[in-house]
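Topology and contacts: notes
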Amino acid sequence: MVVQAPAGRRARNQNQRRRRIVRSATALTLRGGVEAMQMRTVAERSGVALGTLYRYFPSKMDLVVAVVTEELQLLEKGIARRPPTAEDAAGRAVDVLMRATRGLMREPELADALVRSLIMAEVRTDVGPQITDLLWRVATRAGAGDGGQEPDRDSDGYVRVGALASVWVFELLEILKGHRDIDRVQRHLEVAAGPLLADL
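If you're wondering where the values come from, they're calculated on a predicted model, not measured in any experiment.

The rules behind each value
- Sequence order as written defines the numbering, with residues in each chain counted from 1.
- Confidence filtering applies because this is a predicted model: local features only for residues at pLDDT of at least 70, side-chain atom pairs given and counted only at 80 or more, and all residues used for totals across whole chains, interfaces and linings.
- Water and hydrogen atoms play no part in the side-chain values, which are based on all heavy atoms of the structure.
- UniProt positions are given in the numbering used here, feature names are shortened, and annotations may be inferred rather than shown by experiment.
- The secondary structure listing takes helices from DSSP runs of H or I that are at least 4 residues long and strands from runs of E that are at least 2 residues long, numbered from the N terminus.
- For cavity detection a 1 Å grid was placed over the protein atoms alone, and a set of points counts as a cavity when a 1.4 Å probe fits there but cannot get out; an open set counts as a pocket when protein lies on both sides within 12 Å along at least five of seven lines, with lining residues being those that have an atom within 4 Å of a point.
- Grid points are joined across faces, edges and corners, and a volume is the space filled by probe spheres set on the points.
- Think of it as three bins: nonpolar holds Ala, Val, Leu, Ile, Met, Phe, Trp, Tyr, Cys and Pro, charged holds Asp, Glu, Lys and Arg, and polar takes everything else, Gly as well.
- For every element, the axis is a line fit to its C-alpha atoms; helices are fit only across the contacting stretch, and the angle between N-to-C directions ranges from 0 to 180 degrees.
- If you view the pair so one helix is near and one far, a crossing is left-handed when the near helix is turned anticlockwise from the far one by less than a right angle, and right-handed when it is turned clockwise.
- Throughout, a residue-residue contact means that at least one pair of heavy atoms, one from each residue, lies within 4.5 Å.
- Pairing of aromatic rings covers Phe, Tyr and the six-membered ring of Trp, with a centre-to-centre limit of 6.5 Å; geometry is then stacked below 30 degrees between planes, edge-to-face above 60, and tilted otherwise.
- An automatic or database domain assignment is the source of the domain bounds shown.
- By convention, the term buried area covers the 1.4 Å-probe accessible surface removed from two parts as they join, with the contributions of both added.
- Any carboxyl oxygen of Asp or Glu that lies within 4 Å of a side-chain nitrogen of Lys or Arg is treated as forming a salt bridge with it.
- Nitrogen and oxygen atoms within 3.5 Å of one another constitute a polar contact, given that in protein one can donate a hydrogen and the other can accept it, and given that sequence-neighbouring residues count only through two side-chain atoms.

With that settled, the discussion passes to the UniProt feature "domain: HTH tetR-type" (unreviewed entry) in the protein chain. Per the UniProt record, "domain: HTH tetR-type" (unreviewed entry) is found at residues 15-75. Helix makes up 80% of residues 15-75 and strand 0%, with an end-to-end C-alpha separation of 21 Å.

So this is what it looks like as structure tokens:
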């Protein structure tokens, strides 16, 4: 007779296994970019069977999205510890985007993974909405996951925040292509953020 582990322990084990897979994928990405994140190699480094890996992440892009999502969660924690202090919405949004840019440029392979997950993913991802939600909370000081105001995703203000996020993704792509430096990106974001977020 097979004895099943209690549901709580089974869920913990699955969560630990998933985290181990994402950590292994992140390490491979940092060493050699998204191309180095081969599913078989990730499975071997994680100590799981290839079939198990595919149960958690049906495609390589699903795994890329998981790596990027974990990085976004780290950014959110950093913002919660040290919120932007600018008086206006545009200043707060640019502060967050520049923190993200500087962090990603320390690990350009992660920036590449982020851009791929946003503009080349064949699967639908929540990465774009996560970035826009984060910017919305920072710009409007709505709070983050603590009962704060949820954005109205159909509002003009939210759409304009999303447009600023799109500008940022384009600027990241330009950095990765060697066409921008950090100072120029900041200038472009400030010019875009001013009118877009003026009345938030």
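Picking up where we left off.
With that out of the way, let us pick up the layout of surface pockets. One number sums up the size of the largest pocket: a volume of about 440 Å³. Forming the walls of the largest pocket are 17 residues, and the residues nearest its centre are E71, L75, R99, A100 and G103. Among the elements of the structure, α4 (60-81), α5 (89-106) and α6 (108-119) are those that each provide at least two residues to the lining of the largest pocket. Of the residues forming the lining of the largest pocket, the biggest block, seven residues, is contributed by α4. Here the residues of the lining of the largest pocket are counted per class, giving ten nonpolar, two polar and five charged.

Following the UniProt record, the feature "DNA-binding region" (unreviewed entry) maps to residues 38-57 here. In the segment residues 38-57, helix accounts for 75% and strand for 0%; the C-alpha atoms at its two ends are 12 Å apart.

Take empty space enclosed by the protein next. Applying the stated criterion across every chain yields a total of one cavity of 30 Å³ or more. Looking at the largest cavity, the residues that line it are L72, L75, V96, L97, A100, I131, L134, L135 and W168. For the lining of the largest cavity, the secondary-structure elements that each account for two or more residues are α4, α5 and α7 (127-140). Partitioning the lining of the largest cavity into residue classes produces nine nonpolar, no polar and no charged.

The contact between α7 and helix α8 (residues 156-176) brings their axes to 9 Å, and the two run at 115°. Classified by chirality, the crossing of α8 by α7 is right-handed. Residues P129, I131, T132, D133, L135 and W136 of α7 pack against G157, Y158, V161, G162, A165 and W168 of α8. Looking at the contact of α7 with α8, its residues break down into eight nonpolar, three polar and one charged.

Attention now moves to the packing of aromatic side chains. Under the criterion given, the structure shown has one aromatic pair. Plain terms: the ring middles of W136 and Y158 are 6.0 Å apart, the flat faces sit at 55° to each other, and that makes the pair tilted. Of this pair, W136 sits in helix α7 while Y158 sits in helix α8; the two residues are 22 residues apart in sequence, bridging distant segments of the chain.

Inspection of the secondary structure assignment puts R180 in the loop between α8 and α9 (182-196). Residue contacts for R180: discarding those within four places in its chain leaves F170, E171, E174, I175, V185 and H188.

Bringing the domain arrangement of the protein chain into the picture now. Domain boundaries in the protein chain define domain 1 (1-58) and domain 2 (60-197). Put simply, the middle of domain 1 and the middle of domain 2, counted by C-alpha atoms, are 27 Å apart. In terms of surface lost to domain 2, no three residues of domain 1 exceed L30, V34 and M37, which account for 38% of the buried area on that side. Our count for the domain 1 to domain 2 interface comes out at one salt bridge. E35 serves as the salt-bridge partner of R116, at 2.6 Å between the closest nitrogen and oxygen. Taken together, the links from domain 1 to domain 2 amount to two residue pairs in polar contact (both at pLDDT 80 or more). Secondary structure elements with two or more residues in the side of domain 1 that touches domain 2: α1 (7-32) and α2 (39-46). Tallying contributions element by element places α1 first for the side of domain 1 that touches domain 2, with seven residues. Its residues assigned to classes, the side of domain 1 that touches domain 2 comprises ten nonpolar, four polar and two charged.

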